[in-house]
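Topology and contacts: notes
Take a look at the letters that make up each chain.
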Amino acid sequence: MSPNLKNILFGAGIFVLLIVAGYYREIFFVHINMQVFMNYYHETDSTYNYHFPEWLLFLKQYSNSALIKIKWIMTVLVFFFYMGICLLTVWFYFRKKQYSLITLGIHGLLFLVAGVFYIIGKITGKGLEGYTLAREFMGILQSPLVLMILLPTFIISSRNNNSAS
């Protein structure tokens, strides 16, 4: 198989994986939020003429505190999933330790910033504002956005390094 075809197939596979993962991530979190809302207001699906997908019916058995814990765990797991996909893609295309370290550093920095906003919000009594900012940063980390910025950056950097040699 030619290297060009291998690159195209890998890229297409990553693209499909990110679309499917993003879709299921969104559905999962929307339904957790819906169940939290229904638990809080003591409502049922029939109140809204709504039916949970079969694969998410297990969420109905949990209390709000358990659902919130599930959201926190899933947030961290999805972060690591997207970071892993980003690292794998950067390594596949460039095979440069420096680019992998930059990728890890950016993910770590944004994760740290999210945590700082969350903690500052808690400390200052502005929990909602801190949570909202933290959630925005985690939303970036749970999407292909970092990869979409890093890939062209590393391509340009590689081309500049090659032309300077």
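Anything mentioned here points back to the structure above.
Presented here is an overview of the structure given in this document. Keep in mind that what you see is a predicted model, and the values were worked out from it rather than measured.

This brings us to the side chain of Gln142. By secondary structure assignment, the location of Gln142 is in the loop between helix H5 (127-141) and helix H6 (145-164). Gln142 gets classed as buried once you look at its relative accessible area, which sits at 6%. With residues near it in sequence (within four places) discarded, Gln142 still touches Arg25, Phe29, Thr75, Val78, Phe79 and Tyr82.

So, on to the layout of surface pockets. Looking at the largest pocket, its volume works out to about 690 Å³. Trp72, Thr75, Tyr131, Arg135 and Met138 are, among the 24 residues lining the largest pocket, the residues nearest its centre. Listed by contribution, the elements that provide at least two residues to the lining of the largest pocket are helix H1 (3-40), helix H3 (64-94), helix H4 (97-124) and H5. A total of eight residues in the lining of the largest pocket trace back to one element, the largest contributor, which is H5. Roughly 200 Å³ of volume is contained in the second largest pocket. Lining the second largest pocket, in full, are Asn7, Gly11, Ile14, Phe15, Leu18, Ile19, Thr89, Tyr93, Pro144, Leu147, Met148 and Leu151. Looking at the lining of the second largest pocket, the elements that each hand over two or more residues are H1, H3 and H6.

Now for the environment of Leu147. Along the polypeptide, Leu147 turns up in helix H6. Since its relative accessible area comes to 7%, Leu147 is described here as buried. Between the alpha carbons of Leu147 and Cys86 there is a distance of 5.6 Å; along the sequence they are 61 residues apart. Not counting residues within four places of it along the chain, the set of residues in contact with Leu147 comprises Ile14, Leu18, Cys86, Thr89, Val90 and Pro152.

A word on empty space enclosed by the protein. Enumeration over the complete set of coordinates arrives at one cavity of 30 Å³ or more. Estimates place the volume of the largest cavity at around 60 Å³. At the level of secondary structure, the elements contributing two or more residues to the lining of the largest cavity comprise H3, H5 and H6. The element contributing the most residues to the lining of the largest cavity is H3, with three residues.

Thresholds, definitions, all that
- Residues numbered from 1 in each chain as written.
- Predicted model: local features only at pLDDT ≥ 70, side-chain atom pairs only at ≥ 80, totals over all residues.
- Heavy atoms only, no water.
- Helix = DSSP H or I, 4+ residues; strand = E, 2+ residues; numbered from the N terminus.
- Buried < 20%, exposed > 50% of the residue type's maximum accessible area, 1.4 Å probe, protein only.
- Contact = heavy atoms within 4.5 Å.
- 1 Å grid on protein atoms, 1.4 Å probe; cavity = no way out; pocket = protein on both sides within 12 Å on 5 of 7 lines; lining within 4 Å.
- Points joined across faces, edges and corners; volume = space filled by probe spheres on them.

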